[in-house]
Amino acid sequence: MNNYILSILAVFIGALIVFIFKPSNQKNLKLLLAFSGAFLLAITIFNLLPEVFEDSHSTKNIGVWIMIGILLQKVLEYFSKGAEHGHIHLGEDTTSVPKLLFISLGVHAVLEGFPIHHNEGILTGIIIHKIPIAMILTTFLLNTKIKKAVIVITLLVFALMTPLGTFISEYFDGVQKYYKEITALVIGIFLHVSTTILFESNAGHKFNITKLVVILVATITAYII
């Protein structure tokens with residue numbers, strides 16, 4: 001039950017931070033996003049990758065599913081415009097939530113919920129990843145002409161997507177049968193999202209020591225956990 005509650009709370013914590021404090025420092029938000037990306041990447045490498053390759057009869061097959069996940073995330077980003085790693089572009093005159101954006105984020109969120117009940121470490125990574133994403137999503141929604149009630153409902157539905165994926169993975173036998181393949185696909189998604197966050201160029205391609213320190217701290221923290 002904690003898996004469901006914590007993944008929902010991550011979205012609401014991010015949304016509440018924006019609603020209450022209205023943060024405007026984009027630099028700090030980008031550093032938080034970098035921390036979340038590094039943590040998610042490290043957890044994926046330290047926890048999920050060994051799990052899917054352990055006792056696997058076909059390591060190449062697992063590799064194929066990881067590549068499918070990477071390509072699937074690329075397709076999802078075509079519709080979401082990169083919202084999964086902090087790039088959301090909504091015009092101030094927008095009056096309704098873009099359907100393709102929301103569907104893409106929903107598919108991503110459902111899939112990332114699949115490995116949670118098998119691997120506690122990945123839950124921490126998803127929580128840390130969701131908070132800055134929820135902050136960015138809330139900030140952009142509030143800067144549009146979308147009604148506040150619609151924004152709240154949108155965030156509520158988004159918060160429920162990851163627990164939905166966890167529920168399906170836990171209670172549907174057909175999904176459990178292909179757990180390793182689905183997890184490999186999710187690994188591909190995580191690898192794409194986290195590396196995109198980490199390796200996007202800084203302004204003017206300048207070396208950013210602060211970002212490097214944040215990435216190192218996130219990686220060490222993920223290893224310890």
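Since the model is a prediction, treat every value here as computed from it, not as a measurement.

Peer 1: Which parts of the structure should I look at to understand the overall build of the protein?
Peer 2: Counting its secondary structure elements, the protein contains nine helices and zero strands. The linear arrangement of helices and strands in the protein, starting from the amino end, is α-α-α-α-α-α-α-α-α. For the protein, whose C-alpha radius of gyration is 17 Å, the value lies close to the compact-globule estimate of 17 Å for 225 residues. In terms of principal-axis extent, the alpha carbons of the protein reach across some 55 × 40 × 30 Å. The proportion of buried residues among the 225 residues of the protein is 47%. One finds the centroid of the 15 positive side-chain charges in the protein at a distance of 13 Å from the centroid of its 13 negative side-chain charges.

Peer 1: In this structure, what is going on with the packing of helix H4 (residues 99-112) against helix H8 (residues 179-199)? I would like to understand it.
Peer 2: Helices that pack against each other are described as a pair by the angle of their axes relative to one another and the distance between those axes. For the pair H4 and H8, the least separation of the axes is 9 Å and the interaxial angle reads 120°. Considering the angle they form, H4 stands oblique to H8. Regarding H4 and H8, the two cross each other, and that crossing is left-handed. The residues of H8 that touch H4, namely those facing His-108, Leu-111 and Glu-112, are Leu-185, Val-186, Ile-189, Phe-190 and Val-193. Its residues placed into classes, the contact of H4 with H8 shows six nonpolar, one polar and one charged.

Peer 1: Even after reading the chapter, I still don't get the confidence of the model for the protein, so can you show me in this structure?
Peer 2: Detail in the predicted coordinates should be disregarded across regions flagged by low pLDDT. Averaged over all residues, the pLDDT of the protein equals 85, while 91% of them reach at least 70. Here helix H7 (residues 173-177) is the element of the protein with the lowest mean pLDDT, 82, and helix H6 (residues 148-171) is the one with the highest, 92.

Peer 1: I would appreciate a short explanation of the packing of helix H2 (residues 26-53) against H8 in the present structure.
Peer 2: Remark: H2 packs on H8, axes separated minimally by 9 Å, with the N-to-C direction vectors making an angle of 150°. If you check the angle between H2 and H8, you find them roughly antiparallel. Crossing handedness for the pair H2 and H8: left-handed. Mapping the contact onto sequence places Leu-33, Ala-34, Gly-37, Ala-38, Leu-40, Leu-41, Thr-44, Leu-48, Leu-49, Glu-51 and Val-52 in H2 and Tyr-179, Lys-180, Thr-183, Ala-184, Ile-187, Phe-190, Leu-191, Ser-194, Thr-195, Ile-197 and Leu-198 in H8. Of the residues in the contact of H2 with H8, the class split is 15 nonpolar, five polar and two charged.

Peer 1: Please explain the packing of aromatic side chains as it appears in this structure.
Peer 2: The geometry of an aromatic ring pair comes down to the distance between the two centres and the angle between the two planes. Enumeration over the complete set of coordinates arrives at five aromatic pairs. Judged by centre distance (6.2 Å) and plane angle (25°), the rings of Phe-35 and Phe-39 are stacked. Taken together, the residues Phe-35 and Phe-39, both in helix H2 and four residues apart, mark about one turn of the helix. Take Phe-39: its relative accessible area is 0%, and that puts it in the buried class. On the numbers, 6.4 Å between centres and 70° between planes, the contact of Phe-167 with Phe-172 is edge-to-face.

Peer 1: What's the story with the nonpolar core in this structure? I'm lost.
Peer 2: The tendency in soluble globular proteins is for nonpolar side chains to be buried side by side. Core analysis: the biggest nonpolar cluster contains 57 residues, and Ile-66, Ile-122, Leu-141, Ile-187 and Phe-190 have the highest contact counts within it. Counting only elements with at least two residues in this core, the list comes to helix H1 (2-21), H2, helix H3 (59-80), H4, helix H5 (120-142), H6, H8 and helix H9 (209-224). Not counting residues up to four positions away in its chain, the partners in contact with Ile-122 are Leu-40, Ile-43, Thr-44, Leu-48, Pro-115, Ile-116 and Phe-190.

Peer 1: I tried to follow a nonpolar patch on the surface on my own but got confused; where do I start?
Peer 2: Judged by side-chain polarity, Ile-45, Phe-46, Ile-209, Leu-212, Val-213, Leu-216, Val-217, Ile-220, Tyr-223 and Ile-224 come together as a nonpolar surface patch covering roughly 970 Å² of accessible area. Secondary-structure elements contributing two or more residues to the nonpolar patch are H2 and H9. Looking at which element gives the most residues to the nonpolar patch, the answer is H9, with eight residues. Relative to the helices and strands, Ile-224 resides in helix H9. Its relative accessible area of 67% is what places Ile-224 among the exposed residues.

Peer 1: What's the story with the pattern of salt bridges in this structure? I'm lost.
Peer 2: Pairing between side chains becomes possible if they bear opposite charge and their charged atoms approach one another. A complete count under the given rule lists one salt bridge for this structure. Lys-130 is the partner of Glu-112 in a salt bridge, and the nearest nitrogen-oxygen pair spans 2.9 Å. One end of the pair, Glu-112, is in helix H4; the other, Lys-130, is in helix H5, and 18 residues separate them in sequence. For the pair shown, Glu-112 and Lys-130 are each scored as buried.

Cut-offs applied
- Residues numbered from 1 in each chain as written.
- Predicted model: local features only at pLDDT ≥ 70, side-chain atom pairs only at ≥ 80, totals over all residues.
- Heavy atoms only, no water.
- Helix = DSSP H or I, 4+ residues; strand = E, 2+ residues; numbered from the N terminus.
- Rg over C-alpha atoms; globule rule 2.2 N^0.38 Å.
- Buried < 20%, exposed > 50% of the residue type's maximum accessible area, 1.4 Å probe, protein only.
- Lys, Arg positive; Asp, Glu negative; His and termini not counted.
- Charge placed at Lys NZ, Arg CZ, Asp CG, Glu CD.
- Axes fitted to C-alpha atoms, helices over the stretch in contact; angles between N-to-C directions.
- Parallel < 35°, antiparallel > 145°, perpendicular 65-115°, else oblique.
- Left-handed = near helix turned anticlockwise from the far one by under 90°.
- Contact = heavy atoms within 4.5 Å.
- Nonpolar A, V, L, I, M, F, W, Y, C, P; charged D, E, K, R; others polar.
- pLDDT = per-residue confidence, 0-100.
- Phe/Tyr/Trp six-rings, centres within 6.5 Å; stacked < 30°, edge-to-face > 60°.
- Core = buried A, V, L, I, M, F, W, Y, C linked by side-chain atoms within 4.5 Å.
- Patch = residues over 30% accessible without salt bridge, like charges linked within 9 Å, V, L, I, M, F, W, Y side chains within 5 Å.
- Areas by Shrake-Rupley, 256 points an atom, 1.4 Å probe, with all protein chains shown as cover.
- Salt bridge = Lys/Arg side-chain N within 4 Å of Asp/Glu carboxyl O.

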